[in-house]
Amino acid sequence: DFDRMTTDSVGLQEAGIALSEELWAEAAEEFGRALAHTHAAGAEYLGAPPPGSPSHRWIGQANLSFPTEPTGGSWGEFYATYRIAPYLDAPAFDHDDRRIMDKLCSTLASGALDHDQPELVRRDGVAARIHGDMWSGNIMWTPDGATLIDPAAQGGHAEEDLASLSVFGAPFTERIRAAYDEESPLAPGWQERIELHQVHMLVMHCAVFGRSYVGPT
């Protein structure tokens, strides 16, 4: 952990923000706690956009659709139908790739991979209010802490934001997740589900940027 923290703080200092490792760690932990409460603010249903937002938007260069009303299904069914399947016709995927992904979608849709939201989200509803595109470039680190930009805000599973942190290596990921888990305990087994919650971001990258992202997916 110390080696990772040193690497993270050096990267931030090279970006022109000079704070001690201890202060960076504290900022990361505060961000994790604040994120837990952002998620706990909740959303009306899975895929719900913020009030007044259109039902069709973009995430980067990829289309992103939002159901206009509750779908009535499980999280797995929503994730498969709205966040994975729409991108599988991309030229990046060959027949074998699609067969594997179709099998994953079927398993998700069956509900077999469903799991609880974090504790604070469970108290008030079924969907977290997630950022929706929480890769490292959308977290701005300042002397006052971390600020999120460029959201694809929607109702979803809170673990997706936490998983997205490590797709492209956000600083202090483990400190953020640990502080989040202390503030709003995650369902058992969340570490083993990180890759599952990264699939949406990765298939979008396959659709936009091509086959180089198929292997990680």
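Residues numbered from 1 in each chain as written. Predicted model: local features only at pLDDT ≥ 70, side-chain atom pairs only at ≥ 80, totals over all residues. Heavy atoms only, no water.

Topic: the side chain of serine 184
Here serine 184 lies in the loop between helix H7 (173-183) and helix H8 (194-209). With relative accessibility at 0%, the residue serine 184 sits in the buried group. Within the structure, the side chain of serine 184 is placed 2.9 Å from the backbone nitrogen of leucine 120, a separation counted as a polar contact. Here serine 184 is in contact with Ala36, Pro118, Glu119, Leu120 and Val121, once residues within four sequence places are set aside. (Helix = DSSP H or I, 4+ residues; strand = E, 2+ residues; numbered from the N terminus. Buried < 20%, exposed > 50% of the residue type's maximum accessible area, 1.4 Å probe, protein only. Polar contact = N/O pair within 3.5 Å; in protein donor to acceptor, adjacent residues only side chain to side chain. Contact = heavy atoms within 4.5 Å.)

A few points about empty space enclosed by the protein
Inspection of the entire model under this criterion finds one cavity of 30 Å³ or more. Roughly 40 Å³ of volume is contained in the largest cavity. Residue lining of the largest cavity: Glu159, Leu162, Ala163, Arg177, Trp190, Arg193 and Ile194, and that is the complete set. Counting residues per element, the lining of the largest cavity draws most heavily on helix H6 (residues 158-164), which supplies three residues. (1 Å grid on protein atoms, 1.4 Å probe; cavity = no way out; pocket = protein on both sides within 12 Å on 5 of 7 lines; lining within 4 Å. Points joined across faces, edges and corners; volume = space filled by probe spheres on them.)

What to know about the confidence of the model for the protein
Summarising the model, the protein shows a mean pLDDT of 88, and 90% of its residues fall at 70 or more. Confidence, expressed as mean pLDDT per element, reaches its minimum in the protein at helix H1 (residues 2-14) with 41 and its maximum at H6 with 98. Confidence drops under pLDDT 50 across residues 1-7; counting only partners more than four residues distant or on other chains, this segment forms 11 contacts. Contacts from residues 9-16, a stretch scored under 50 in pLDDT, to residues over four places away or in other chains number 11 contacts. (pLDDT = per-residue confidence, 0-100.)

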